[in-house]
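The chain contents come next:
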There are 2 protein chains.
Amino acid sequence: MSPRGPKTPITMQDLADLAGVTRGTISRALNDSPRVKEKTKARIRDLAKKHNYRVNVKARNFRLRRSGVIAVVFMLNIKSEQHMSDPFFLEMLGGIADCLAEHDLDLFLAHAPIADVLAHQDSRVFQNSDGVIFIGQGEQHSELNEIAMSGAPIVVWGAQLPDQQYCRVGGDNVAGGYMAAKHLLENGRRRIAFFGDVNLPEIAQRFSGYKKALEEHGVKFDPALQIDVPFEMSHARETINELLSSDTRFDSALCSSDVMALSAIATITEFGLSVPDDIAIVGYDDIGLASYGSPALTTVRQNIRWAGRVLVESLLSILNGQEVADTTLSSELVVRQSSGVTAPN
Amino acid sequence: MSPRGPKTPITMQDLADLAGVTRGTISRALNDSPRVKEKTKARIRDLAKKHNYRVNVKARNFRLRRSGVIAVVFMLNIKSEQHMSDPFFLEMLGGIADCLAEHDLDLFLAHAPIADVLAHQDSRVFQNSDGVIFIGQGEQHSELNEIAMSGAPIVVWGAQLPDQQYCRVGGDNVAGGYMAAKHLLENGRRRIAFFGDVNLPEIAQRFSGYKKALEEHGVKFDPALQIDVPFEMSHARETINELLSSDTRFDSALCSSDVMALSAIATITEFGLSVPDDIAIVGYDDIGLASYGSPALTTVRQNIRWAGRVLVESLLSILNGQEVADTTLSSELVVRQSSGVTAPN
DNA sequence: TTTACGAATACAATCGATTGTACATCGTCC
DNA sequence: GGACGATGTACAATCGATTGTATTCGTAAA
């Protein structure tokens, strides 16, 4: 009803006319350039506020040849719907989004198939953004190397790999796998399954930590206990069901994510076994559901939100032309009571 | 190593020079204008492909005075971290993102406090986007009305409310609440708690459906059974714990989301009661965890991904200058076996 | 009073595309 | 052979800001 909402927003030229100066001076004043007298600046700022002036972001970005957007690409080897439903993703995204907002940057969520993204670097992902954050390396280590060497500003969440040409941020996967396995071993477990796809670099490192713990405790590793359990819930349940129905016996399992751990608990329970009495489960990530779920989950905590911040800050440094070192964030084991591991029956 | 990655991408003028025509012709040719001869178009297209030309999106958007971005704002009355962790959010976001991608639009995720977003419509959210999708109405119905009347293109996921001036898409909350309550009643439950904040429009409608079912079954509504359980997990558990420790007795509960239902199950189980024997739980939304969790959750399904698509399509129609009607998506009750409601002990 | 100099501002090119209008070319008809 | 439509291109303004360079102004020194 009320005649609010001017359809055509006020432009910098309008403001210049109002102030009796030129666009250039307005621009400098609003950007706090030393070339404009303080008094003039103040006058212009007031006028801008009074007329509710906002710079046209599209015009500015065009002029500055930037987009003000950072793209985030998720790189698991499964379809995008499936990652998206993992709370790990969300928490990481939250950390990234918060940090980007503080720097006045927008977030572009890429949901195209990974292959497409990497195939032509001229895709929307690169065209539309000032930089790209990759979550996970998938099996695309060499492609990421190529992209980085082509000069595109990127950072990658993942494992430290040989010949790595890009800036990486990641958790301490070897230590994580080690801690988790050690915890189970110290509670008397001996047949510890490892649930996860060791073709993924991060998982492979956890796997090596797991084997190291076994070795230290004089437990021989049984290859039958390493199972390529997919991240996605329904597929995970199928795979675990098959395992339960097979000849392979195990008294505990180290899962590659909390969601996988929750699937495992559900599957095992439905199978008629008890968690943790018959089979103890340890997760990875420490997502919110892990602590509030039933039973609460023992898991390896990665500070995911903080990781998101580190990714952003690293990328911004790169955009600033600085050399940026890799970062490895430490992990810790979170032992929760109600799924506390007890000696097997 | 290899000399890949031209630092300065080819511009339309370059292409024009190469083709021996002017920018204008190139532009028209690539946009398939009838004003350019087919043969010329083909030649230009080939040349563009050969030189790997891409239009500069920033320049085009600037010229067309659009951003190519749709903003999504979440509107619950709790801090953003907390919504973000609800899988309901993610699935909706997934649907929206997929649909936007099909229309070659980007997604901007607003995570600023709601009050800020609404207070000055000149915020980033409105400045940077061609349209805004609000998820939930919170208690801001009138603010949303104002925004819509100011001419800003918006769509809102939520309940149908009186005097509504904006385009709305939502589930059938009255029917949802009704179905859920009826299900419990038909399974012999009589003391059915309602967990949710009835100040939120959607919840209020479910609540009215719930009361309608009670009435039809001749069960008197006890106000003590309506509890303002927050959406966020840890707070939900506190609230439910208090209820369990109080004098109020109940044999079942209708929750406002699946996450809340999962919290309830965990809390009740830890309290020493059995779900569903002592207390039956019904959720809302049918998120992925609901079906794969343990125990599987009986819940009211909203087709969230599809809802996301409808929101986007509606917004695009509005941007196209069309009048768009409200949409109410039907809900259905999903009864799952392992939490199947049985007669109380 | 003139000169010189520094501070403050005006001027104008520029970013890369879109699009209305003007011009050129060609075949056709009288 | 010249006028006349069509058709296909070229020309140039435009979107809204940033920024290097030129210009003006005021003031202090000569």
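Residues numbered from 1 in each chain as written. Chains lettered and ligands numbered in written order. Predicted model: local features only at pLDDT ≥ 70, side-chain atom pairs only at ≥ 80, totals over all residues. Heavy atoms only, no water.

## Thoughts on the pairing of strand β9 (residues 280-285) of chain B
Residue and element names in this part refer to chain B.
Here is step 1: For β9, the buried fraction is high: 6 of the 6 residues fall into the buried class.
Here is step 2: As paired strands, strand β8 (residues 252-255) and β9 are joined by 3 bridges and run parallel to one another. Counterpart to A253 in the pairing with β9 is I281.
Here is step 3: Taken together, β8, helix α13 (residues 258-270) and β9 constitute a β-α-β crossover, and its handedness is right-handed.
Here is step 4: As judged from the 4 bridges shared by β9 and strand β10 (residues 298-301), these two strands associate in the parallel manner. (Buried < 20%, exposed > 50% of the residue type's maximum accessible area, 1.4 Å probe, protein only. Helix = DSSP H or I, 4+ residues; strand = E, 2+ residues; numbered from the N terminus. Pairing = 2+ DSSP bridges. Right-handed = clockwise from strand over helix to strand, strands pointing away.)

## Points about the pattern of salt bridges
If charged atoms from side chains of opposite charge come close, those side chains can pair.
Residue and element names in this part refer to chain B.
Here is step 1: This model, assessed by the stated rule, comprises 24 salt bridges over all chains.
Here is step 2: As a salt-bridge pair, R45 and E38 come within 4.0 Å of each other at their nearest N and O atoms.
Here is step 3: For R45, a relative accessible area of 34% gives the class partly exposed.
Here is step 4: Here R301 and E332 are joined by a salt bridge, their closest N and O atoms 3.5 Å apart. With R301 in strand β10 and E332 in strand β12 (residues 332-334), this pair connects stretches of sequence that are 31 residues apart.
Here is step 5: Among the residues examined, E332 registers a relative accessible area of 44% and is labelled partly exposed. (Salt bridge = Lys/Arg side-chain N within 4 Å of Asp/Glu carboxyl O.)

## A look at the protein's contact with DNA strand D
Here is step 1: Taken together, 30 residues sit near DNA strand D, with M12, S27, R35 and R63 of chain A together with T40 of chain B positioned nearest.
Here is step 2: For DNA strand D, the backbone portion of the atoms within 4 Å of the protein, that is sugar and phosphate, comes to 53%.
Here is step 3: Taking G20 of chain B, its main chain carries an N or O atom lying 3.4 Å from a phosphate oxygen of DNA strand D.
Here is step 4: Counting only elements with at least two residues in the surface near DNA strand D, the list comes to α2 (23-30) and α4 (57-64) of chain A together with α2 (23-30) and α4 (57-64) of chain B.
Here is step 5: By residue number, the principal contributor to the surface near DNA strand D is α4 of chain A, which donates 5 residues.
Here is step 6: In terms of residue class, the surface near DNA strand D is built from 9 nonpolar, 9 polar and 12 charged. (Near = heavy atom within 4 Å. Polar contact = N/O pair within 3.5 Å; in protein donor to acceptor, adjacent residues only side chain to side chain. Nonpolar A, V, L, I, M, F, W, Y, C, P; charged D, E, K, R; others polar.)

## Remarks on the environment of S314 of chain A
Residues and elements named next belong to chain A.
Here is step 1: Examined against the element boundaries, S314 turns out to sit in helix α15 (residues 304-319).
Here is step 2: For the pair S314 and T327, spaced 13 residues apart in the sequence, the C-alpha separation amounts to 9.0 Å.
Here is step 3: At 2.8 Å, the side chain of S314 forms a polar contact with the backbone oxygen of V310.

## A few points about the state of the cysteines
Residues and elements named next belong to chain A.
Here is step 1: Scanning the model with the defined rule gives 0 disulfides over all chains in all.
Here is step 2: C99 carries a free sulfur, and the closest cysteine sulfur to it, the one in C167, is 13 Å from it.
Here is step 3: C99 sits in the buried class, given a relative accessible area of 0%. (Disulfide = S-S within 2.5 Å.)

## Points about helix α10 (residues 173-186) of chain B
Residue and element names in this part refer to chain B.
Here is step 1: With 14 residues, α10 extends 20 Å from end C-alpha to end C-alpha; this agrees with the ideal 20 Å at 1.5 Å per step.
Here is step 2: Taken as a whole, α10 has its buried residues at N173, G176, G177, Y178, A180, A181, H183, L184 and L185.
Here is step 3: The first or second residue beyond α10 is G188, which carries a positive phi of 90°. (Expected span 1.5 Å × (residues − 1).)

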